Amino acid sequence: MSMVCRKWSEGYGSPSVWKTFRFDFTASQVSKDTCKVMTVLRKYSRMFRHVEIDCTEDTKRRLIKSWCRFFIEFLQILTSNSQLLSFKLRYLSDSVRYIGNPTYINICRAIADFLGSQRRLERVEFEYCSLKFHDGVEFLRKLREHSRESLTHLVLRGFVSLQTLDRGQYSNLLQQIPKLADLPSLTTLETDYSLIFENMVTSQCNDIQTTKSYKTRVLSKIILHCCYVSLEDEDFRGLTSTDWQYLKIFCPDLQVDLRITAT
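Residues numbered from 1 in each chain as written. Predicted model: local features only at pLDDT ≥ 70, side-chain atom pairs only at ≥ 80, totals over all residues. Heavy atoms only, no water.

In the annotation of an unreviewed UniProt entry, the entry for the protein reads F-box domain-containing protein, and the organism field reads Araneus ventricosus.

Chemist: I keep staring at the nonpolar core and nothing clicks. Help me out?
Modeler: Within soluble globular proteins, side chains that are nonpolar generally end up buried alongside one another. Counting residues in hydrophobic clusters, the biggest one holds 76 residues, and the most contacted among them are Ile53, Phe71, Phe74, Phe87, Leu89, Phe126 and Leu154. A per-element tally of this core places helix α5 (residues 61-81) first, with 11 residues. A domain-level breakdown of this core finds at least three residues from each of domain 1 (10-120) and domain 2 (124-262). Residues in contact with Ile53, not counting those within four places in the same chain, are Phe23, Trp67, Phe71, Phe74, Leu75, Phe87, Lys88, Leu89 and Arg90. (Core = buried A, V, L, I, M, F, W, Y, C linked by side-chain atoms within 4.5 Å. Buried < 20%, exposed > 50% of the residue type's maximum accessible area, 1.4 Å probe, protein only. Helix = DSSP H or I, 4+ residues; strand = E, 2+ residues; numbered from the N terminus. Domains from an automatic or database assignment. Contact = heavy atoms within 4.5 Å.)

Chemist: How should a nonpolar patch on the surface be read in this particular structure?
Modeler: A cluster of nonpolar side chains, Met1, Val4 and Trp8, forms an exposed patch at the surface whose accessible area comes to about 370 Å². By secondary structure assignment, the location of Val4 is in the segment before α1 (6-12). (Patch = residues over 30% accessible without salt bridge, like charges linked within 9 Å, V, L, I, M, F, W, Y side chains within 5 Å. Areas by Shrake-Rupley, 256 points an atom, 1.4 Å probe, with all protein chains shown as cover. Salt bridge = Lys/Arg side-chain N within 4 Å of Asp/Glu carboxyl O.)

Chemist: Is there a simple way to think about the packing of aromatic side chains in this case?
Modeler: Tallied over the entire structure, the rule returns 16 aromatic pairs. With centroids separated by 4.8 Å and ring planes inclined at 15°, the aromatic side chains of Phe21 and Phe48 adopt a geometry described as stacked. Of this pair, Phe21 sits in strand β1 (residues 20-23) while Phe48 sits in the loop between α4 (36-44) and β2 (50-54), and the two are 27 residues apart along the sequence. The exposure class assigned to Phe21 is buried, which follows from its relative accessible area of 14%. Look at Phe48 and you get buried, because its relative accessible area is 0%. Ring pairs connect the aromatic residues Tyr12, Trp18, Phe21, Phe23, Tyr44, Phe48, Trp67, Phe71 and Phe74, which therefore count as one cluster. If you follow Arg69 out to its NZ or CZ, it ends over the ring of Phe70, 4.6 Å from the centre. (Phe/Tyr/Trp six-rings, centres within 6.5 Å; stacked < 30°, edge-to-face > 60°. Lys NZ or Arg CZ within 6 Å of the ring centre and 35° of its normal.)

Right, here's the structure in full:
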């Protein structure tokens, strides 16, 4: 398109064309040693505002490794060039099954570096990523430190894998989970009814009980996905009626949408 004429070339390079970008390479692109898309990204990624990443479902190990390499490079380009308004990552769990631990560590480091580079994120969505618990907590910590004032919408579905919990570091990790007060602009939280959600709420409620000075928050909607799998974890007790009462004090306009999956 950009080579047709000068007018088309100018249009191709306009910010409106690159405002939203979806990272979803085809098998033919991933199978090559080099990818021309990366050259385009280096040139135009400064214009990105909304990025969606759908991880590959290709089960061929060679393509998974190539996809991971391009994925990490893509995140590094975003880290250097972009200030996004929204970021969505889906189906990382489909790839995690086929990659080794060193590659997984490199991916998580790239995601953490990216989140640490962003200052304007308003909407962040993690869906079906099945991260190790400490990596999920680290990503939330990055959001709290760098996007706390801007973040309005947070989605955590299938965010972490309970099977990867390290009981020895459990107590310290729970303390690092941000509480609702750490995200003062958050209006919508969509999450599994899980240990992370429990600690986001109970930490906040404990603060309300121990201090007379607290501020109500703008959080107006919680969408809770409840599945029997999350309730099987021995460390997850769920919110008590007292927790819910204090949550109502903390967020007086709150609406809760409970979505139960029966299997």
